[in-house]
Protein chains: 2
Amino acid sequence: MQRYFAQSIKNDLVFLSEDDLYHIKTVMRMKNNNQIEVVFNEQLFLCNIIDIKNNIIKTIKQVSYINDKRIKTRLIIPLLQEQKMRLIIEKATELGVDEIVPFVATRSKIKLDDEKFGKKLERWMKISKSASEQSKRIDIPHISNLKHIEELKNIDGERIVCSTSENVENIKNCLKNNSTYDKINIVIGPEGGLTNEEENKLVDLGFKRVSLGKNILRVETVPIVVLSIINYEFME
Amino acid sequence: MQRYFAQSIKNDLVFLSEDDLYHIKTVMRMKNNNQIEVVFNEQLFLCNIIDIKNNIIKTIKQVSYINDKRIKTRLIIPLLQEQKMRLIIEKATELGVDEIVPFVATRSKIKLDDEKFGKKLERWMKISKSASEQSKRIDIPHISNLKHIEELKNIDGERIVCSTSENVENIKNCLKNNSTYDKINIVIGPEGGLTNEEENKLVDLGFKRVSLGKNILRVETVPIVVLSIINYEFME
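Small disclaimer: the values here were computed from a predicted structure and weren't measured.

Colleague: Would you mind going over the pairing of strand S6 (residues 56-63) of chain A with me for this structure?
Modeller: On a regular strand, one side chain projects to one face of the sheet and the next to the other, so that they alternate. All names here are of chain A. Bridge analysis of strand S5 (residues 43-51) against S6 gives 7 bridges, and the strand direction is antiparallel. By the bridge assignment, Leu44 is partnered in S6 with Val63. Between the antiparallel neighbours S5 and S6 lie 4 residues, among them Asn55 with a positive phi of about 60°.

Now the structure itself:
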């Protein structure tokens, strides 16, 4: 069943965005009495389309679900080419990421002023909303404002940085002792990698350098691989 | 250093494809005396561009490398939309896949006759060659002809099929006892999944049904996740 995130629900009446209404009417060609799933405030509702012309959708009942996720993930990525950002946001959302934090990296080729970043952020949030609906999540990953490495000082949770330096511990050894945390922060570098200075700064902030093995991966593949691995390690 | 797969090497003289020569001259704008890495017959050579106008490239020396890959992977996928096929081939190549086998699945929306398949195959092989060069492999994954499920009867190695059926063992439990094999075959279904009949047929052929966990993934995400997990499980 098609799932949408509501803007609000008041007295059983569901309010969806213009985009979602367009999707229901024009893409899905739904009719009166068709049912949809609606998420609001991380609660899931089965809903009925009462009057599609006048956008009247009502909840039928709340659906219970079990949220037994063991690990929260925060992905900290440099600004990349738009196509790569979109792939990462979509796939990370599918893989259950909780937060995406874009950060300023020396070797990142993309530089954005506040206005341009604001517009991109808006588009990225649409992608994560749509991917959340597709993958039947009950929450949408948060995408934060652009941060500098120094601002990662006070974040909570375990901290790793994907490194291509030699003689770095592999991620398997690092994740083995995972019983002591329920949140993990993952920093990924841009094409060309983090500078030594950046990597050292992160180590000073408590990030452990980890290697993903011997395959040479494109930058946009790395987040998908890391999130797959973390989900696997925390699988029960 | 840029890496290319040669068509042949004869008396230290390197023969590259037209595409690679174009890449060297026009994309990379290389000059005489620039060096490149060339792979031929799974052997790696450091080479020198002697005369770029006349395509004369010579080997300088053979470079030794250690191939300590513990597991071989064969990815068995339905025909999908071209964009998804390309993403899978590129990412699977980065993640070290050894062979990709397209198979005929009932719910696959893409149907190709022999001629059309032949053309696609040619394009897919270019993608896997280029991704192999990018990720510094010394081999190019083989992409086989279109197969029917019955033809998977005699393949060698461990066999799993990614299933969304309920009460299926998770992949973690399945991979735990991995010391008994060095090759694994992974079947992935199309959008809408394998039919029950197809899944049962595969089970009869010795494929174990495994679940990838609770995230609902797009079909093109599945191979990337599975290969990441297998690499991780076999990481030393």
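Once you've had a look at it, read on.
Colleague: I keep staring at the interface of chain B and chain A and nothing clicks. Help me out?
Modeller: Interfaces are often sized by the accessible area lost when the parts come together. Taken together, the contact pairs 33 residues of chain B with 33 residues of chain A. At the boundary of chain B with chain A, total buried surface from both sides reaches about 3,000 Å², with 54% on carbon and sulfur atoms. If you sort the residues of chain B by the area they bury against chain A, Arg218, Tyr232 and Met235 of chain B come out on top, with a joint share of 25%. Summed over the shared surface of chain B and chain A, the number is 8 salt bridges. Linking Arg218 of chain A and Glu90 of chain B is a salt bridge whose minimum nitrogen-to-oxygen distance equals 3.4 Å. Where chain B touches chain A, the interface holds 20 residue pairs in polar contact (both at pLDDT 80 or more). Taken together, the elements giving at least two residues each to the side of chain B that touches chain A come down to helix H2 (82-94), helix H4 (171-176) and helix H6 (221-233) of chain B.

Colleague: Explanation requested: the sheet that holds strand S10 (residues 158-162) of chain B in the structure shown.
Modeller: Adjacent strands of a sheet pair through backbone hydrogen bonds, lying either parallel or antiparallel. All names here are of chain B. Taken in spatial order, the 6 strands make up an open sheet running S9-S8-S7-S11-S10-S12, and their pairing is parallel. Looking at strand neighbours, the two that pair on one side only are strand S9 (142-143) and strand S12 (208-210), the edges of this open sheet. In the sheet, strand S7 (residues 72-78) pairs with strand S11 (residues 183-187) via 5 bridges, with the strands oriented parallel. The residue bridging Arg74 from the neighbouring strand is Asn185, located in S11.

Colleague: Explanation requested: the relation of the copies chain B and chain A in the structure shown.
Modeller: Two chain copies here: they are related by a rotation about an axis and a translation along the same axis. Taken as rigid bodies, chain B and chain A are interconverted by a rotation of 180° and an axial shift of 0.0 Å, the fit giving an RMSD of 0.0 Å. One copy is carried onto the other by what is essentially a two-fold rotation axis. Minimal C-alpha distance to the rotation axis in chain B is attained by Ile229 of chain B, lying at 2.9 Å. A share of 100% of the interface residues of chain B reappears at the interface of chain A, consistent with the copies meeting face to face through the same patch.

Colleague: I'm lost on the packing of H2 of chain B against helix H3 (residues 114-134) of chain B in this one. Help?
Modeller: Each packed pair of helices is defined by two parameters, the angle between the axes and the distance between the axes. Residue and element names in this part refer to chain B. Relative to each other, H2 and H3 sit at 35°, their axes nearing to 8 Å. Helix-helix and strand crossings are classified by hand; for H2 and H3 the assignment is right-handed. Between H2 and H3, the residues in contact are Glu82, Met85, Arg86, Ile89, Glu90 and Thr93 and Lys120, Arg123, Trp124, Ile127, Ser128, Ala131 and Ser132, respectively. In terms of residue class, the contact of H2 with H3 is built from 5 nonpolar, 3 polar and 5 charged.

Colleague: Whenever I open this one, the sheet that holds strand S8 (residues 99-103) of chain A confuses me. Can you help?
Modeller: All names here are of chain A. One open sheet accounts for 6 strands, arranged S9-S8-S7-S11-S10-S12; its pairing is parallel. Unpaired on one side and paired on the other, strand S9 (142-143) and strand S12 (208-210) mark the two borders of the sheet. The pairing of strand S10 (residues 158-162) with strand S11 (residues 183-187) spans 4 bridges and is classified as parallel. Bridge pairing links Val161 to Val187 in S11.

Colleague: Whenever I open this one, the packing of helix H6 (residues 221-233) of chain A against H6 of chain B confuses me. Can you help?
Modeller: Packing of H6 of chain A against H6 of chain B leaves a shortest axis separation of 9 Å and a crossing angle of 65°. It follows from the interaxial angle that H6 of chain A and H6 of chain B lie roughly perpendicular. As for the relative orientation of H6 of chain A and H6 of chain B, their crossing is right-handed in sense. Together, Ile224, Val225, Ser228, Ile229, Tyr232 and Glu233 of chain A of H6 of chain A and Ile224, Val225, Ser228, Ile229, Tyr232 and Glu233 of chain B of H6 of chain B make up the contact between the two elements. Considering only residue class, the contact of H6 of chain A with H6 of chain B consists of 8 nonpolar, 2 polar and 2 charged.

Colleague: What exactly am I supposed to notice about a nonpolar patch on the surface here?
Modeller: A grouping of Tyr22, Val27 and Met28 of chain A is seen on the molecular surface, where their side chains present a nonpolar patch of about 290 Å² in accessible area. Mapped onto the elements, Tyr22 of chain A comes out in helix H1 (residues 18-27).

Colleague: In this structure, what is going on with the packing of aromatic side chains? I would like to understand it.
Modeller: Any aromatic ring pair is given by two values, namely how distant the centres are and how the planes are angled relative to each other. Under the criterion given, the structure shown has 5 aromatic pairs over all chains. Its end group placed over the ring of Phe15 of chain A, Lys10 of chain A keeps NZ or CZ at 5.9 Å from the ring centre.

Colleague: When you look at unusual backbone geometry in this model, what are you seeing that I'm missing?
Modeller: Leaving glycine aside, a negative phi is the common case for residues, and trans is the common case for peptide bonds. With phi around 55°, Asn41 of chain A is a residue other than glycine that occupies positive phi space. Tracing the backbone shows Asn41 of chain A in the loop between strand S4 (35-40) and S5. Phi is positive for Asn11 of chain B, which is not a glycine, with a value near 50°. Here Asn11 of chain B is to be found in the loop between strand S2 (8-10) and strand S3 (13-15).

Colleague: Whenever I open this one, helix H1 (residues 18-27) of chain B confuses me. Can you help?
Modeller: In an α-helix, one turn spans 3.6 residues, which is why side chains three or four residues apart end up on the same side. All names here are of chain B. Inspection of H1 places Asp20, Leu21 and Ile24 among the buried residues, and these make up the whole buried set. For H1, the buried positions fall inside an angular range of 100° around the axis, keeping them on one side. Exposed positions of H1 whose direction lies more than 90 degrees from the buried face are Glu18 and Tyr22. One or two positions beyond H1, positive phi appears at Arg29, with a value near 50°.

Colleague: What's the story with the environment of Ala6 of chain B in this structure? I'm lost.
Modeller: Residues and elements named next belong to chain B. The residue Ala6 is located in the loop between strand S1 (3-5) and S2 in this model. Sequence-wise, Ala6 and Asn67 are 61 residues apart; in three dimensions their C-alpha atoms are separated by 20 Å. Here Ala6 is in contact with Val14, Phe15, Leu16, Val38, Val39 and Phe40, once residues within four sequence places are set aside.

Colleague: Please explain the nonpolar core as it appears in this structure.
Modeller: Ranked by internal contacts, the top residues of the largest apolar core, which has 83 residues, are Leu75, Ile171 and Ile186 of chain A together with Leu75, Ile171 and Ile186 of chain B. Apart from residues no more than four positions distant in its own chain, Ile186 of chain A is found in contact with Thr73, Arg74, Leu75, Ile76, Ile160, Cys162, Val226, Leu227 and Ile230 of chain A.

Colleague: How do you make sense of the confidence of the model for chain A when you look at a structure like this?
Modeller: Low pLDDT marks stretches whose predicted atomic positions should not be read closely. Of all residues in chain A, 100% attain a pLDDT of 70 or more, and the chain-wide mean is 95. In the predicted complex, the global pTM is 0.93; the interface-specific ipTM is 0.92.

Procedures and definitions
- Chains are numbered independently. Their residues run from 1 in the order of the written sequence.
- Lettering of chains starts at A and numbering of ligands starts at 1, both following the order in which they are written.
- Residues qualify for local features only when their pLDDT is at least 70, as the model is predicted, and side-chain atom pairs are given and counted only at 80 or more; totals for whole chains, interfaces and linings, by contrast, use all residues.
- Side-chain figures throughout are based on the complete set of non-hydrogen atoms in the structure, without hydrogens or water.
- Here a strand pair is declared whenever DSSP counts at least two bridges between the two strands.
- Strands are runs of DSSP state E lasting at least 2 residues, helices are runs of H or I lasting at least 4, and numbering of each runs from the N terminus.
- We call two residues in contact when some of their heavy atoms are within 4.5 Å.
- By convention, the term buried area covers the 1.4 Å-probe accessible surface removed from two parts as they join, with the contributions of both added.
- The salt bridge criterion pairs a side-chain nitrogen of Lys or Arg with a carboxyl oxygen of Asp or Glu, the two atoms within 4 Å.
- Contacts described as polar in this section are N or O atom pairs within 3.5 Å, which, within protein, must combine one atom able to donate a hydrogen with one able to accept it, while residues neighboring in sequence count only if both atoms come from side chains.
- Least squares is used to superpose the copies, and the fit set is the C-alpha atoms of residues whose pLDDT is at least 70 in both copies.
- Helix axes are fitted to C-alpha atoms over the stretch in contact, other axes to C-alpha atoms as well, and angles between N-to-C directions run from 0 to 180 degrees.
- Helix crossings fall into two classes, left-handed where the near helix is turned counterclockwise from the far one by less than a right angle and right-handed where it is turned clockwise.
- As a working rule, the residues Ala, Val, Leu, Ile, Met, Phe, Trp, Tyr, Cys and Pro are called nonpolar, Asp, Glu, Lys and Arg charged, and the rest polar, with Gly in that last group.
- Roughly parallel covers angles under 35 degrees, roughly antiparallel covers those over 145, roughly perpendicular covers 65 to 115, and oblique covers all other angles.
- Patch membership needs two things, relative accessible area over 30% and no salt bridge, and members are linked within 9 Å if like-charged or within 5 Å if nonpolar (Val, Leu, Ile, Met, Phe, Trp, Tyr).
- Each accessible area is a Shrake-Rupley result for a 1.4 Å probe, and residues are judged covered by the shown protein chains and nothing else.
- Note on ring pairs: Phe, Tyr and Trp rings are taken, using the six-membered ring of Trp, and paired if centres are within 6.5 Å. Classes follow the plane angle, with under 30 degrees stacked, over 60 edge-to-face and the rest tilted.
- In this analysis the charged atom, NZ for Lys or CZ for Arg, is taken to sit over a ring once it is within 6 Å of the ring centre and within 35 degrees of the ring normal.
- Categorising residues by exposure relies on relative accessible area from a 1.4 Å probe, with only protein chains included: less than 20% of the type maximum marks a residue as buried, more than 50% marks it as exposed, and the intermediate range marks it as partly exposed.
- Arc, as used here, means the arc of the directions from the helix axis to the C-beta atoms.
- Residues belong to a common nonpolar core when they are buried Ala, Val, Leu, Ile, Met, Phe, Trp, Tyr or Cys residues joined through side-chain atoms within 4.5 Å.
- Per-residue confidence from the predictor is given as pLDDT, running between 0 and 100.

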